[in-house]
Amino acid sequence: MSGHAQGGDPHHEDFQLKDTNPLLGEQWPKGAGGPARPTGGGLAGWLGVDKSSSTYDLVEQMFFLYVRVVKAKDLPPNPITGAAMDPYVEVRLGNYKGTTRHFDRRANPEWDQVFAFSKSRVQSNVLEVFLKDRDMLGRDDYVGKVVFDLAEVPTRVPPDSPLAPQWYRLEERRGGKVRGELMLAVWIGTQADEAFPEAWHSDAAVVRGEGIASVRSKAYVSPKLWYLRVNVIEAQDVQPMHGGGRAPEVLVKAQVGHQILKTTVVAAPTLNPRWNEDLVFVVAEPFEEQLVLSVEDRVGPGKDDLLGRVALPLGIFEKRLDHRPFVQSRWFDLERFGVVPAAVEGGETRRELRFASRVHVRACLEGAYHVMDESTMYISDTRPTARQLWKPPVGVLEVGILGAAGLQPMKTRDGRGATDAYCVAKYGQKWVRTRTMIGTANPTWNEQYTWEVFDPCTVITIGVFDNCHLGTNGSNGNGGAPPARDARIGKIRIRLSTLETDRVYTHAYPLIALQKSGVKKMGELRLAVRFTCLSLINMLHLYTQPLLPKMHYLHPFTVTQLDALRYQAMGIVAARLGRAEPPLRREVVEYMLDVESHMWSMRRSKANFFRAVSLFSGAAAAARWFGDVCRWRNVATTALVHVLLLILVWYPELILPTVFLYMFLIGLWNYRRRPRHPPHMDTKMSWAEAAHPDELDEEFDTFPTSGQQHVVYMRYDRLRSVAGRIQTVVGDMATQGERLQALLSWRDPRATCLFVLFCLLAAVVLYVTPFKVVALVAGLYVLRHPRFRSRMPAVPSNFFRRLPSRADSML
């Protein structure tokens, strides 16, 4: 407790959010008001260029020398063999050298490759482009070259059209012309250039082979997820595999991919069992798996006989967009399996198709739910699956990932610590990945990304990782072993509702990692964030709507179901993104989606408990104040309270107006002290600084535990599972109390503004309306007939659930 209370600990300052003053696009020196045109200006223009009219206004401008090698023609044959050469191109700027792929025996090769050389690493005023003939013996033959003076290279910034490539005659070493021409385009541009994502970068010159693809910036889209609801109604003519007059104990097993669900066992002397049970799966488009239904007979503990099965493609099922359409049930014939008593052809046992039983099923793809693949506390998207049910966006989120500072070394390369960092940002269905900065503790990305916002009460997650798949010698730091998993450096979360609209937030966020040895700062991430409102009316209207689509309230899932479905959804998303090129690896996706957030942690439970306890500090302060009033500590205050008591006793109709007016005044008073920056990870509130080593060891323990004495550990894991649910409940209680505090704290400026205006309106209405009328109307409303009640949450409930809590700051 003493470690948690050290508010003046200088070490704690390292975990605070810091203001930064980057030179963003809108702050660049004034110059050309319109788009920049390809002009001469060369190196002087490169090192001090005017502001461009690009959309990259949340990042610092970076300049690159781009070289596009398109193709060659009329190349001379090999002087020794007389056959066509094996040509490739080498682009050299100082000590940096990039090469194209080579072609076997091609006189007119086409490459269409782009090379980008960073301004910060300029080593020469001359660009040389060599054409060479690959020699199998390792000594490549020089064919010719093209030389460019950087002072003559044009500048090009989008939205200008791409620079047209030109044919250049090849020169020999002494400047004379040789046979052959090379088509090139050379220009100076910024990271806003269309060629930037796919270019070979001089910053990653040491990367070889397949690792080249993993260093480039990419955007990914999560697969479209559906809930598959399978209502198993009944089966018909089920016959046991073995005779003996025994009544079968029948169940139905449904499987989609790796997901397996079973109905209850029907133990009755009937061949036509009934279940009428719902089994829900998560599936993704395109539908590659099949729904396999198996009717089985429970013949013993853990032993089932297969009585029949059928495999159904998911595309045959109806897509339901609401709860009202009735889905038609269907009968499916099961393929029954039996064994022929006598030997059959080839001496192998074959399947015998005998009289087939049937299964009665009602199945559909639910499009009106939002398929959860992330924690509801940090949800980034609330839209239903079906695009027809989407509403127009209410805002635009723009994030400039500027860079990081002070990153810790994550591996060993050439006997020294090294970090190859990249960023991943996830919001909604869109994932983005920055390029990898090789071997630097202070990477500079300066990449800007944009997302449509359909609900401001959502969270964007940004993580920093160390790339362990570069293909460089010793890059993994594990002595030549297979590539390791990409290492976690840290992540941050930003809740959009805590951002003021049209304001640029520039902060350095501490990257905090919790390890077995304790909490550790891994570096700082510099961001520029802006949330732009497209429709203020629609955004304010959202505060009166349910957070999730209405199907979650009309036909809700159980908590256990949601946990299982979310875990399956995360697995599908990780598998699909892992099939992209370059892959977004499973360890990255799981870390971004908080796959282990439900696991038991003594540290997290203590943090949630003290979150709840801190909520009562206000009530305790009010009680102390009232005790001081009763004790006449301050005569003037006690006299004012007596006057107020007399007024409220004689005029009870002033009680409610006074309360609402008081809250209105508190809201206005707190406006001066409203938060000036988004919330961030709080190590003190998370009890990360005061956690006992044994608690951290327990938190990082595997599940199930990796120790011995399996019986004891099985019970211990069961205890951890139960305690994890208690931990969630305590956290939810704390969240509700923090949302009450957020009503007047201006953490969500739009929500507080709405509530403050409501308080003012309520104070006026309750002042002019007799108290008896208000009490009667309120009582009749509470006691209204169920016919007049909606199954949807009320407007106050929807507004309250959208308020932010301090859960965003939990580590």
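Residues numbered from 1 in each chain as written. Predicted model: local features only at pLDDT ≥ 70, side-chain atom pairs only at ≥ 80, totals over all residues. Heavy atoms only, no water.

(A) Geometry of the overall build of the protein. Broken down by element type, the protein carries 14 helices and 31 strands. In the protein, which comprises 811 residues, the proportion classed as buried is 48%. A separation of at least 24 residues holds for 74% of the contacts in the protein among residues at least 6 apart in sequence. As presented, the protein carries roughly 40400 Å² of accessible surface, and 57% of it is formed by carbon and sulfur atoms. (Helix = DSSP H or I, 4+ residues; strand = E, 2+ residues; numbered from the N terminus. Buried < 20%, exposed > 50% of the residue type's maximum accessible area, 1.4 Å probe, protein only. Contact = heavy atoms within 4.5 Å. Areas by Shrake-Rupley, 256 points an atom, 1.4 Å probe, with all protein chains shown as cover.)

(B) Representation of helix α8 (residues 635-650) within the structure. Here α8 is 16 residues long and its end C-alpha atoms lie 23 Å apart, about the 22 Å a rise of 1.5 Å per residue gives. The N-cap residue of α8 is Asn634: its side-chain oxygen and the backbone nitrogen of Ala636 are 3.1 Å apart. (Expected span 1.5 Å × (residues − 1). Polar contact = N/O pair within 3.5 Å; in protein donor to acceptor, adjacent residues only side chain to side chain.)

(C) Representation of a nonpolar patch on the surface in the model. The grouping of Val643, Leu645, Leu646, Ile647, Val649, Trp650 and Tyr651 at the surface amounts to a nonpolar patch, some 780 Å² of accessible area in total. Position of Ile647 relative to the elements: it lies in helix α8. A residue is classified by how much of its surface remains accessible, and Ile647, at 38% relative accessible area, is partly exposed. (Patch = residues over 30% accessible without salt bridge, like charges linked within 9 Å, V, L, I, M, F, W, Y side chains within 5 Å. Salt bridge = Lys/Arg side-chain N within 4 Å of Asp/Glu carboxyl O.)

(D) Representation of the sheet that holds strand β1 (residues 18-19) in the model. Within the open sheet, the five strands sit side by side as β1-β30-β31-β22-β27. Their pairing is antiparallel. Because the sheet does not close on itself, it has two edges, and the strands there are β1 and β27 (444-453). In terms of strand pairing, strand β22 (residues 395-405) meets β27 through eight bridges, oriented antiparallel. Following the sheet pairing, Ile401 is matched in β27 by Glu447. (Pairing = 2+ DSSP bridges.)

(E) How the structure looks around the pattern of salt bridges. Applying the stated rule across the entire model yields 36 salt bridges. In this structure, Arg274 and Glu234 form a salt bridge, with 3.1 Å as the shortest nitrogen-oxygen distance. Here Arg274, found in strand β16 (residues 274-284), pairs with Glu234, found in strand β12 (residues 225-236); they are 40 residues apart in sequence, far enough to count as distant. Judged by relative accessible area, which is 52%, Arg274 ranks as exposed.

(F) The packing of helix α9 (residues 655-671) against helix α12 (residues 749-768), seen in detail. Look at α9 against α12: their axes get within 8 Å of each other, and the N-to-C directions meet at 155°. In terms of their interaxial angle, α9 and α12 are classed as roughly antiparallel. The chirality of how α9 crosses α12 is left-handed. On α12, the residues that touch Leu656, Pro657, Phe660, Leu661, Met663, Phe664 and Gly667 of α9 are Phe755, Val756, Phe758, Cys759, Leu760, Ala762, Ala763, Leu766 and Tyr767. Its residues placed into classes, the contact of α9 with α12 shows 15 nonpolar, one polar and no charged. (Axes fitted to C-alpha atoms, helices over the stretch in contact; angles between N-to-C directions. Parallel < 35°, antiparallel > 145°, perpendicular 65-115°, else oblique. Left-handed = near helix turned anticlockwise from the far one by under 90°. Nonpolar A, V, L, I, M, F, W, Y, C, P; charged D, E, K, R; others polar.)

(G) Seen up close, the UniProt feature "transmembrane region" (unreviewed entry) in the protein. As annotated in UniProt, the feature "transmembrane region" (unreviewed entry) corresponds to residues 639-671 and 754-783 in the numbering used here. Its end C-alpha atoms 29 Å apart, residues 639-671 is made of 88% helix and 0% strand. (UniProt positions renumbered as here; feature names shortened; annotations may be inferred.)

(H) Quick peek at the pairing of strand β21 (residues 358-366). Counting buried residues along β21, seven of its nine residues qualify, which places the element largely inside the surrounding structure. Bridge count for β12 against β21 is nine bridges, and the pairing is antiparallel. By the bridge assignment for β21, Val232 is matched with Val361. Note that strand β19 (residues 318-320) and β21 share three bridges and pair parallel. Bridging across to β21, Lys319 finds its partner in Leu365. In the sheet, strand β20 (residues 330-333) pairs with β21 via four bridges, with the strands oriented antiparallel. Bridge pairing in β21 links Arg330 to Val361.

(I) Main features of the sheet that holds strand β29 (residues 487-495). Ordered in space as β11-β26-β25-β28-β29, the five strands form an open sheet in which the pairing is antiparallel. Across the chains shown, the open sheet's two edge strands, defined by having one partner strand only, are β11 (218-221) and β29. Here the strands of the sheet are splayed against their neighbours by 15° on average, with no regard to which way each runs. As paired elements, strand β28 (residues 459-466) and β29 share eight bridges and run antiparallel to each other. Bridge pairing in β29 places Asp466 opposite Ala487.

(J) Here's a closer look at unusual backbone geometry. At the junction of Glu285 and Pro286, the peptide bond is cis and its omega measures out at -10° in the coordinates. Relative to the elements of secondary structure, Pro286 occurs in the loop between β16 and β17 (290-300). Cis geometry marks the peptide bond from Glu581 to Pro582, where omega comes out at 0°. Looking at the secondary structure, you find Pro582 in the loop between α4 (559-577) and α5 (586-592).

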